[in-house]
Amino acid sequence: MAGFVERLGLNVLFRFDPETAHRMAIRGLSLNVHGKAPPPPANLRTRVLGLDFPTPIGLAAGFDKNAEAVDGLLRLGFGFIEVGTVTPLPQPGNAKPRMFRLEADEAIINRLGFNNDGMDAIAARLAARRPGGIVGVNLGANKASTDRIADYVAGVYRFARLASYLVVNVSSPNTPGLRSLQDADPFETLLLRVVAARDEAANGGVTTPILVKIAPDLDDGALAAIARIAVASGIDGIILGNTTLSRTGLTDRSHAGESGGLSGRPLFQRATIMLARLRALVGPGMPLIGVGGVDTAEAALAKLLAGADLVQIYTGMIYRGHNIAARINARLSELLAERDFASPEDAVGRETDRWAAMALPD
Ligand SMILES: Cc1cc2nc3c(=O)[nH]c(=O)nc-3n(C[C@H](O)[C@H](O)[C@H](O)COP(=O)(O)O)c2cc1C
């Protein structure tokens, strides 16, 4: 659980509307004056995507959309930070209010709609920081774009040399029509084009790993097509996943009727089952990042066992506080040792079959 100072901070932040609280948190973290988490225990080190992660626990996209607090966030004990979603042009996103706390369920509904400063401003921020830590950049398309695939390609060129890895986000529910890029034909075209752009941007040098982030709401046929196309495309990994349109399992009715994507605890079961099904489809070779409802070391371990190489958190940090990564690191290290796993790799996929066979919450 959160410590005393952390609890106090959360109590203050929860007096504000979620977006104001979020801005305050980013501002505070960007000052870089908070304590530095201890280095993650050595048995959490893991090599994925050709990168050496100090811990498999990372911060998911959307928390630091504009790359304003990367170094402050790395100090909290995350093994990697994913900034964005970044679109080529700056855009304001949807009308407010557009972010809602469902406190009893430790969940969030958001329909922000890719509000961000645009790729030039964000690239400049990343270029200005001293290199260090693993920082991924999550790419999107502008709402008004007439050629969405071209927007992703522009992002790849802009960030290939600034990012530790790139993510093609086709799973936000808050840009109308975006998720249709997960349909087989456009999905294949998109992946081939971003992989080609990535290869060209490398210009003979080191190629930047590129992943695709998908929704947890796909049916079995769509998931199988995505797995097949992803493996054939030369993409380096898949993130599963984004927020869900499902409202299953909510006890907090306060904002359950709001449109947007649901994240946090109620998403855990669905996202973990889908992750395991994806692992079963792609086989052991393809790196997968498991996201959705992780707020404890037990939940993070479950993601590894279901088939994730790496794990990301967003909503858990809102409810459990800024020390969540440090707490999970300490406990996950113990959990791995108790099971005689020498490293996170040893746990990956041990329970894929069990998770994949579970029924999705309807
Ligand atoms: C307020 C909010 C904003 C988000 N913005 C983005 C985003 O810009 N890009 C993206 O790929 N995911 C975004 N996400 C989704 C998260 O990265 C993550 O996939 C999802 O919330 C599930 O993880 P969680 O249950 O740990 O929050 C956002 C989530 C929330 C709650």
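Above this note sits the structure.
Scope of this entry: the structure provided in the associated data block. (Residues numbered from 1 in each chain as written. Predicted model: local features only at pLDDT ≥ 70, side-chain atom pairs only at ≥ 80, totals over all residues.)

Brief notes about the site of the ligand
Looking at the ligand, there are 27 residues lining it, with Ala60, Gly62, Ser263, Tyr314 and Thr315 nearest. Counting only elements with at least two residues in the shell around the ligand, the list comes to β4 (80-86), β6 (107-110), β11 (261-264) and α10 (315-320). Taken together, the residues of the shell around the ligand break down into ten nonpolar, 15 polar and two charged. (Near = placed C-beta within 6 Å. Helix = DSSP H or I, 4+ residues; strand = E, 2+ residues; numbered from the N terminus. Nonpolar A, V, L, I, M, F, W, Y, C, P; charged D, E, K, R; others polar.)

Structural notes on the nonpolar core
A general tendency of soluble globular proteins is for nonpolar side chains to be buried together. With 107 residues, the main nonpolar core has Leu166, Leu240 and Ala300 as its most contacted residues. Tallying contributions element by element places helix α9 (residues 297-306) first for this core, with eight residues. (Core = buried A, V, L, I, M, F, W, Y, C linked by C-beta atoms within 7 Å. Buried ≥ 20, exposed ≤ 12 C-beta atoms within 10 Å, placed from the backbone.)

A short note on the sheet that holds strand β9 (residues 210-214)
Ordered in space as β3-β4-β7-β8-β9-β10-β12-β13, the eight strands form a closed barrel in which the pairing is parallel. Recorded for the sheet is a direction-independent mean angle of 25° between the axes of neighbouring strands. In this structure, β4 lies alongside strand β7 (residues 135-139), joined through five bridges in parallel fashion. In the sheet register, isoleucine 81 faces β7, and the bridge partner there is valine 135. Sitting on the sheet, helix α8 (residues 268-282) touches β10 (237-240) and β12 (288-291), and the angle it makes with β12 is about 165°. (Pairing = 2+ DSSP bridges. Axes fitted to C-alpha atoms, helices over the stretch in contact; angles between N-to-C directions. Contact = placed C-beta atoms within 7 Å.)

Details of the pairing of β9
Within β9, five of the five residues are buried, which leaves the element mostly enclosed by the surrounding structure. Burial along β9 is two-sided: Ile210, Val212 and Ile214 facing one way and Leu211 and Lys213 facing the other are all buried. Bridge count between strand β8 (residues 165-169) and β9: four bridges; the pairing is parallel. Counted as the bridge partner of asparagine 169 is lysine 213 from β9. Taken together, β9, helix α7 (residues 220-233) and β10 form a β-α-β motif whose crossover is right-handed. (Right-handed = clockwise from strand over helix to strand, strands pointing away.)

Remarks on the sheet that holds β11
Spatially, β5-β6-β11 is the arrangement adopted by the three strands of the open sheet, whose pairing is antiparallel. At either margin of the open sheet sits one strand with a lone partner, and together these are β5 (99-102) and β11. Mean inter-strand twist for the sheet, computed between neighbouring axes without regard to direction, equals 25°. In this sheet, β6 lies alongside β5 in antiparallel orientation, the contact comprising four bridges. Counterpart to leucine 102 in the pairing with β6 is alanine 107.

Structural notes on the packing of helix α6 (residues 184-202) against α7
Any two packed helices are characterised by how steeply their axes cross, that is the angle between the axes, and by the distance between the axes. Two elements in contact, α6 and α7, have axes whose closest approach is 10 Å; the angle formed by their N-to-C orientations is 25°. One element, α6, and the other, α7, form an angle in the roughly parallel class. Crossing geometry of α6 relative to α7 is assigned as right-handed. When α6 is examined against α7, the residues Ala184, Phe187, Glu188, Leu191, Leu192 and Val195 are found in contact with a partner set consisting of Ala225, Ile226, Ile229, Ala230 and Ser233. Classifying every residue of the contact of α6 with α7 by side-chain character gives nine nonpolar, one polar and one charged. (Parallel < 35°, antiparallel > 145°, perpendicular 65-115°, else oblique. Left-handed = near helix turned anticlockwise from the far one by under 90°.)

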